[in-house]
Amino acid sequence: MNHNAVVVFKVVFFTAFSMWSIYTDYRHYLAGDQMLTFITVQMIMVCFMLFRPLMGVILTGAAYSALYLALYISDGAARIQVFNYIGLALTSAFGMMVRYHTQLYLSTKTVWLAQSNQKLEEVSRHDGLTGLLNRKALEDDVNWMVGGHMCVYMADINYFKEINDSYGHTVGDEVLREVGKRLDELFPRCRCYRYGGDEFLILNENAADQVHQGSRCELPWTAGEKEIRIELCFGFAEGEPMDREDLLALIG
């Protein structure tokens, strides 16, 4: 049910239940008996039915007003202590408001906690430098990426140590970031992982994206005023892994 349908259903239920309790207590009043049904019903509404504060106040006020009007027409509500009656009405309305805000707070905290956990899970699965998936994500993914044709690529950056030695580790980090970005572009429908150091792993379930074994890829790149040639070397294997161990063997 959509939100509006739920609201209508709750209002109809509240109205019907309140009218029944008003009729019951009106008969008790005429017979000189205790009037407990209406109060019990209103307390049940406060505890179990959630309305926005304004609607809750309107519905509660209308219910208490309807009962009092019926008693007033009967004998001027002579046996009702008005101060106590108003106090009960205000207590019910206040209870509905408090319950709404409490539930809103709890729901907000629950959603926030779920979103935080999701963000933490995403952070834990991605490499902080390149933004690619990491080894933890690979450990999770190999459990379900089986049962079909799989192409596996292992790429590393040629002469990466020389880049670090010549230009410094800051530039080396920029190179790793650039390679991660380029791999995402080269394999848009694949899962790319930073396997470790300057090694990258690509798991490809799309045969049309195949790169041939032993192929190399040159990525011209400029870091500030430095022109650096980034060369990637690809190793390649393919097969149809039927379980986790098959896929790990293919990666190996």
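### As for the packing of helix H6 (residues 160-167) against helix H7 (residues 169-186)
Look at H6 against H7: their axes get within 7 Å of each other, and the N-to-C directions meet at 140°. The angle between H6 and H7 places the two elements in the oblique class. Between H6 and H7, the residues in contact are Phe 160, Ile 163, Asn 164 and Tyr 167 and His 169, Val 171, Gly 172, Val 175 and Leu 176, respectively. Each residue belonging to the contact of H6 with H7 can be placed in one class, and the counts come to six nonpolar, three polar and no charged.

### Things to note about a nonpolar patch on the surface
Taken together, the side chains of Met 1, Val 6, Phe 9 and Phe 13 define a hydrophobic patch exposed on the protein surface, amounting to about 450 Å² of accessible area. On the secondary structure map, Met 1 appears in the segment before helix H1 (3-30). You can call Met 1 exposed: its relative accessible area is 77%.

### Quick look at unusual backbone geometry
Despite not being glycine, Ala 77 has its phi angle at roughly 55°, a positive value. Along the chain, Ala 77 turns up in the loop between helix H3 (53-75) and helix H4 (82-125). With a phi close to 60°, Tyr 159 is a non-glycine residue in the positive phi region. With respect to the helices and strands, Tyr 159 occurs in the loop between strand S1 (150-157) and H6. What makes Tyr 159 exposed here is its relative accessible area of 53%.

### As for the pairing of strand S2 (residues 191-196)
If a strand is regular, its side chains alternate between the two faces of the sheet. Two strands pair when backbone bridges link them, and S2 and strand S3 (residues 199-204) are joined in this way by five bridges, in the antiparallel orientation. Looking at S3, one finds that Arg 194 is bridged to Phe 200. Counting the residues between successive antiparallel strands, the hairpin from S2 to S3 contains two residues, one of them, Gly 197, with a positive phi of roughly 60°.

### A word on the layout of surface pockets
In this structure, the largest pocket spans a volume of roughly 370 Å³. Forming the boundary of the largest pocket are 16 residues, of which Gln 34, Met 35, Arg 79, Ile 80 and Gln 81 lie nearest the centre. When its residues are assigned to classes, the lining of the largest pocket shows nine nonpolar, four polar and three charged. At four residues, the largest contribution of residues to the lining of the second largest pocket is made by H1. The class makeup of the residues in the lining of the second largest pocket is six nonpolar, one polar and two charged.

### A closer look at the confidence of the model for the protein
When pLDDT is averaged across the protein, the result is 89; 93% of the residues are at 70 or more. Taken element by element, the predicted model of the protein shows its lowest mean pLDDT in strand S4 (residues 216-223) (68) and its highest in H3 (95).

### Comments concerning the packing of aromatic side chains
All chains considered together, the criterion is met by 10 aromatic pairs. On the numbers, 5.6 Å between centres and 40° between planes, the contact of Tyr 68 with Tyr 85 is tilted. Linking Tyr 68 in helix H3 with Tyr 85 in helix H4, this pair joins segments that are 17 residues apart in sequence. Residue classification places Tyr 68 among the partly exposed residues on the basis of a relative accessible area of 24%. Here the aromatic rings of Tyr 153 and Phe 236 are separated by 5.3 Å at their centres, their planes lie at 35°, and the arrangement is tilted. Here Phe 236 lies in strand S5 (residues 226-239) and Tyr 153 lies in strand S1, a separation of 83 residues in the sequence. Each of the two residues, Tyr 153 as well as Phe 236, counts as buried.

### Let's talk about the pattern of salt bridges
Within this structure, the stated rule accounts for 11 salt bridges. Across the pair Asp 141 and Arg 125 runs a salt bridge whose closest N-O atoms are separated by 3.3 Å. Of the two residues, Asp 141 is situated in helix H5 (residues 135-141) and Arg 125 in helix H4; the sequence distance between them amounts to 16 residues. Given a relative accessible area of 2%, Asp 141 falls into the buried group. For Arg 125, a relative accessible area of 12% gives the class buried. The shortest N-O distance in the salt bridge between Arg 182 and Glu 178 comes to 2.7 Å. Taken as a pair, Arg 182 and Glu 178 lie in helix H7 at a separation of four residues, close to a single helical turn. For the residue pair Arg 182 and Glu 178, the accessibility class agrees, reading buried in each case. Overlapping salt bridges, with partners in common, bring together Glu 121, Arg 125, Lys 136, Asp 140, Asp 141 and Arg 191 in one network.

Quick notes on the rules
- Residues numbered from 1 in each chain as written.
- Predicted model: local features only at pLDDT ≥ 70, side-chain atom pairs only at ≥ 80, totals over all residues.
- Heavy atoms only, no water.
- Axes fitted to C-alpha atoms, helices over the stretch in contact; angles between N-to-C directions.
- Helix = DSSP H or I, 4+ residues; strand = E, 2+ residues; numbered from the N terminus.
- Parallel < 35°, antiparallel > 145°, perpendicular 65-115°, else oblique.
- Contact = heavy atoms within 4.5 Å.
- Nonpolar A, V, L, I, M, F, W, Y, C, P; charged D, E, K, R; others polar.
- Patch = residues over 30% accessible without salt bridge, like charges linked within 9 Å, V, L, I, M, F, W, Y side chains within 5 Å.
- Areas by Shrake-Rupley, 256 points an atom, 1.4 Å probe, with all protein chains shown as cover.
- Salt bridge = Lys/Arg side-chain N within 4 Å of Asp/Glu carboxyl O.
- Buried < 20%, exposed > 50% of the residue type's maximum accessible area, 1.4 Å probe, protein only.
- Pairing = 2+ DSSP bridges.
- 1 Å grid on protein atoms, 1.4 Å probe; cavity = no way out; pocket = protein on both sides within 12 Å on 5 of 7 lines; lining within 4 Å.
- Points joined across faces, edges and corners; volume = space filled by probe spheres on them.
- pLDDT = per-residue confidence, 0-100.
- Phe/Tyr/Trp six-rings, centres within 6.5 Å; stacked < 30°, edge-to-face > 60°.

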